[in-house]
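Given next are the chains, with one letter for each unit.
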Amino acid sequence: MPDRDAKDRQLDGSRVPSDKLNMTTDQGIRVDDTDNSLRAGTRGPTIMEDFHFREKLTRFDHERIPERVVHARGAGAYGVFQLYEPLGDLTSAAFLNDTSTPTPTFVRFSTVAGSRGSADTVRDVRGFATKFYTTQGNFDLVGNNFPVFFIQDGIKFPDFVHAVKPEPHNEIPQAQSAHDTFWDFVQLQPESLHMIMWLMSDRAIPRSYRMMQGFGVHTFRLVNASGQGTFVKWHWRPVLGTYSLVWDEVLRIQGNDPDYNRRDLWEAIERGAYPEYELCVQLVPESREHDFDFDLLDATKIIPEELVPLRPIGRMTLNRNPQNFFAETEQVAFHTANVVPGIDFTNDPLLQARNFSYLDTQLLRLAGPNFPQIPINRPINEVRNDQRDGFHQHLIHESRTSYAPNSISGGCPAAMDGYRHYQEKVEGHKIRMRSPSFEDHYSQATLFWNSMSNWEKQHIVAAFLFELGHVERKPIKEGVVRHLGQIHPDLATQVAEGLGLPAPAMAQVHAGTSPALSMTDQPQSVATRKIAILMADGTDAAEVTALRETLEGRGAICEVIAPAEGTVGGIRVDRQLGAASSVLYDAVVAADGQALAPLGRAQFFVKEAFKHGKAIGAVGTGRELIEAARLPNFVGVVMGDGIAEKFATAVAGHRFHERDVAAVPA
Ligand code: HDD
């Protein structure tokens, strides 16, 4: 159990222990029977005076609150943020100057488009929202796992969300972008194209919340004690590296385990394999604001890391699961305008709109203005102001005054030494117009494409073909393909060909790459990787035990799968073959061939893992199962006794994307 931080201790006051007390009503009256309603005679009508019956049903009827209009499906965790070194030259924020006490955090990861009950592994952006409970109040970093966004101006947010959500006439499809209204929006709103490149890449199907980056997206501002500002972009970098699933696998995980990412986060924390992320900043002095060929205020643009390198400033460790999903993960309320002294906004029109929208939506979702009093939302420092009353007021304000200035309460609470807004000079005409510096919608989409490795490019093309293959209206497909012609001829030609459309007019493409955008070069480790070991009665247990020791010794999780539950060779079976699927594992070891080779399900298990690029191992008679699976090649297949080291290296590499799987029917 990690050390208890200030937020954890504060929550004690709200926790209801699961002790063995007797049942009461909400009014504290002891209940003597909760299984039979009060009735007139054993076969007679229910009697209204049964207050327990009425209260129980009423409370049940009112259990649901509106789900978030976007990011409805999420999973949360508590953590701590440890700063590496004081940043006083950049910001006066206390938590960015104090290396002695870690700052408590709560993170909520989410998908965007789907409803609360939708599957985790859909093609979508992932939310990465962090609440820092600092000594100066809450700072919320409400980010995503992509560094850019679909639109430049928040006034387009309702249009974008309406387009991606299920279509209004039949509420189909759920949690998918593969439909007409979404792509209609894209073809008419080319500012979305850079984000679309990210969405069509494997970044949109992360292997785990523990293995994805986070971005604040907008350019924010740090302000030091002398009032000097510096532009900042926030980045979270996962210590385990950034890894993704593959599309075919995703489709199968949705049925096998719709809670795949949520479960993965929960189980990792329960096991003590705490997810870690480094917080990095890209810093741009105000004097360099106009030095780039894009606008820092345009949220559809990145600052390539090659232009402005990332500076790591601290590390967040997620070390505690919530105790009650509704109370904590559902009721947490993030807001981009929750900033502390030393952190400020810029005039990014998307950010400005968000600064309105989040408070507004919480007022509805959490039923009134007192939601900051909900335990998960409370800052750890004292809250003192003249705001009063409203639905669900939980505090008893003793003061006889609720106005300022006052003399009766000695002028308290007094407004002093607080948050000071950055004194940016602004002037201009009131106009509804984008800056010309926001006009280029293609260059960074091209930069993204140029920076991908071959397999990443193939996956992007395949994603466009899947998505547009679900679009019914030909003019919409044509419209999208026309834009792709402005991004790169290779991309446009392949997508047009697959859709049976003529190649569009091609633009002169811009040169340039940003290697940091590719997922090819990641830290490699077997830690927390899930490995299926296929066994049966008669398997050589000694060989399996040796392999397991090496893998588990490095933090991997091995699960034994066999035709029946119980034990095989003295080893406990974790899952029966009929209830297991290769898509829930990172790698597979065939440890038996005699009983398993004739089984179609076992062959499929291996073949499917192969199709998805996973490392495959074989020990003992497992080779016979590999042969029965009739793999077209042996790239990433490690066979023979004593394979532990070689196999561990293969698993740590995540996937063999170079493996030719075109002919594998799985
Ligand atoms: Fe948003 C939720 C991230 C643009 C309006 N957003 C929400 C959440 C995340 C983001 C992570 C879920 C928070 C949670 O877990 O409770 N949103 C982003 C990012 C954006 C972005 C990174 C672009 C850079 N959002 C955006 C715009 C608007 C909104 C432009 C409106 C003008 N977002 C909302 C919202 C939500 C929300 C409607 C729904 C539930 C909530 O706020 O609490 O207000």
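Residues numbered from 1 in each chain as written. Predicted model: local features only at pLDDT ≥ 70, side-chain atom pairs only at ≥ 80, totals over all residues. Heavy atoms only, no water.

> Can you help me understand the sheet that holds strand 16 (residues 587-590) in this one?
Sheets are built from strands that pair by backbone hydrogen bonding, the pairs being arranged parallel or antiparallel. If you trace the six strands from one edge of the open sheet to the other, you get 15-12-11-16-17-18, paired in parallel fashion. If you trace the sheet from one side to the other, it starts and ends with strand 15 (575-576) and strand 18 (637-639), each paired once. Helix 14 (residues 541-553) rests against strand 11 (530-534), strand 12 (557-562) and strand 16 of the sheet, and its axis sits at about 150° to strand 12. This element, helix 15 (residues 600-611), spans strand 11, strand 12, strand 16, strand 17 (615-618) and strand 18 of the sheet and lies at about 150° to strand 11. (Pairing = 2+ DSSP bridges. Helix = DSSP H or I, 4+ residues; strand = E, 2+ residues; numbered from the N terminus. Contact = heavy atoms within 4.5 Å. Axes fitted to C-alpha atoms, helices over the stretch in contact; angles between N-to-C directions.)

> What exactly am I supposed to notice about the coordination of the iron atom of the ligand here?
Only one protein atom coordinates the iron atom of the ligand: Tyr 358 (OH), located 1.9 Å from the metal. Within the secondary structure layout, Tyr 358 lies in helix 9 (residues 349-365). (Donors = N, O, S within 2.8 Å, 3.2 Å for Na, K, Ca; no water.)

> Teacher, can you tell me more about helix 15 here?
Along its twelve residues, helix 15 runs 16 Å from first to last C-alpha, staying within 8% of the 16 Å computed at 1.5 Å per residue. All of the buried residues in helix 15 are Ala 602, Phe 605, Val 606, Lys 607, Glu 608, Ala 609 and Phe 610. Count one or two residues on from helix 15 and you reach Gly 613, which has phi positive near 80°. (Expected span 1.5 Å × (residues − 1). Buried < 20%, exposed > 50% of the residue type's maximum accessible area, 1.4 Å probe, protein only.)

> In this structure, what is going on with the packing of aromatic side chains? I would like to understand it.
One pair of aromatic rings is described through two measures. These are the centre distance and the angle between the planes. As enumerated under the stated definition, the model contains 29 aromatic pairs in all. Here Phe 81 and Phe 95 contribute two aromatic rings whose centre-to-centre distance is 6.1 Å and whose plane-to-plane angle is 65°, an arrangement assigned as edge-to-face. With Phe 81 in strand 1 (residues 74-83) and Phe 95 in the loop between strand 1 and strand 2 (103-111), this pair connects stretches of sequence that are 14 residues apart. Accessibility expressed as a relative area gives 5% for Phe 95, which makes it buried. For the pair Phe 81 and Phe 132, a centre-to-centre distance of 5.5 Å together with 85° between the ring planes defines the contact as edge-to-face. Residue Phe 81 is located in strand 1, and its partner Phe 132 is located in strand 3 (residues 126-134); the two are separated by 51 residues in the primary sequence. Exposure class is identical for Phe 81 and Phe 132. Each is buried. (Phe/Tyr/Trp six-rings, centres within 6.5 Å; stacked < 30°, edge-to-face > 60°.)

> Explain the UniProt feature "binding site: heme" (unreviewed entry) in the chain to me, please; I cannot follow it from the model alone.
Residues given the UniProt feature "binding site: heme" (unreviewed entry) here are Arg 68, Arg 108, Phe 157, Arg 354, Tyr 358 and Arg 365. Mapped onto the elements, Arg 68 comes out in the loop between helix 2 (51-61) and strand 1. Overall, Arg 68 belongs to the buried group, its relative accessible area being 9%. Beyond its immediate chain neighbours, meaning those up to four positions away, Arg 68 contacts Arg 108, Thr 329, Glu 330, Val 332 and Arg 365. Looking at the secondary structure, you find Arg 108 in strand 2. Arg 108 sits in the buried class, given a relative accessible area of 3%. (UniProt positions renumbered as here; feature names shortened; annotations may be inferred.)

> What is the right way to read the UniProt feature "active site" (unreviewed entry) in the chain from this model?
Those residues carrying the UniProt feature "active site" (unreviewed entry) are His 71 and Asn 144 in this numbering. A maximum C-alpha distance of 10.5 Å among these annotated residues, which run over 74 residues, shows that they cluster at one spot. Its place among the elements puts His 71 in the loop between helix 2 and strand 1. Not counting chain neighbours up to four residues away, the residues in contact with His 71 comprise Arg 108, Ser 110, Thr 111, Val 112, Gly 127 and Asn 144. Note that Asn 144 resides in strand 4 (residues 137-144). With a relative accessible area of 7%, Asn 144 lands in the buried category. Look past the residues within four positions of Asn 144 in its chain and what remains in contact with it is His 71, Val 125, Arg 126, Gly 127, Phe 128, Phe 149, Gln 213, Gly 214 and Phe 215.

> What am I meant to see in the pattern of salt bridges here?
Think of it this way: side chains of opposite charge can pair up when their charged atoms draw near. Enumeration over the complete set of coordinates arrives at 36 salt bridges. Measuring nitrogen to oxygen at the nearest pair gives 3.0 Å for the salt bridge that ties Arg 655 to Glu 249. Placement of the pair is Arg 655 in the segment after helix 17 (644-652) and Glu 249 in helix 6 (residues 247-256), with a sequence separation of 406 residues. Taking the relative accessible area as the measure of exposure, Glu 249 reaches 0% and is therefore buried. (Salt bridge = Lys/Arg side-chain N within 4 Å of Asp/Glu carboxyl O.)

> Would you explain the site of the ligand in this entry?
In the vicinity of the ligand lie 23 residues, with Arg 68, Arg 108, Arg 354, Tyr 358 and Gln 362 positioned nearest. Between the ligand and the protein, one listed contact pairs a nitrogen atom with a side-chain N or O atom of Arg 354 at 3.2 Å. For the shell around the ligand, the elements supplying multiple residues, two or more each, are strand 3, strand 4 and helix 9. When residues of the shell around the ligand are assigned to their parent elements, the largest contribution, seven residues, is made by helix 9. Here the shell around the ligand is built from residues that sort into eleven nonpolar, nine polar and three charged. (Near = heavy atom within 4 Å. Polar contact = N/O pair within 3.5 Å; in protein donor to acceptor, adjacent residues only side chain to side chain. Nonpolar A, V, L, I, M, F, W, Y, C, P; charged D, E, K, R; others polar.)

> I tried to follow the domain arrangement of the chain on my own but got confused; where do I start?
Quoted interface sizes are often the accessible area lost when the parts come together. According to the domain assignment, the chain contains domain 1 (1-63), domain 2 (74-148 + 203-377), domain 3 (449-517) and domain 4 (530-663). Contacts between the two partners involve 14 residues from domain 2 and, on the opposite side, 15 residues from domain 4. Regarding the contact of domain 2 and domain 4, the summed buried area is about 1100 Å², with carbon and sulfur atoms giving 52% of it. For domain 2, the biggest contributors to the area lost against domain 4 are Arg 207, Glu 249 and Arg 252; these three give 37% of the whole. Linking Asp 586 and Arg 207 is a salt bridge whose minimum nitrogen-to-oxygen distance equals 2.8 Å. There are seven residue pairs in polar contact (both at pLDDT 80 or more) connecting domain 2 and domain 4. Going through the elements one at a time, helix 6 and helix 7 (260-271) are the ones with two or more residues in the side of domain 2 that touches domain 4. Among the elements that make up the side of domain 2 that touches domain 4, the one with the highest residue count is helix 6 (five residues). Partitioned by chemical class, the residues of the side of domain 2 that touches domain 4 number five nonpolar, two polar and seven charged. (Domains from an automatic or database assignment. Buried area = accessible area lost by both parts, 1.4 Å probe.)

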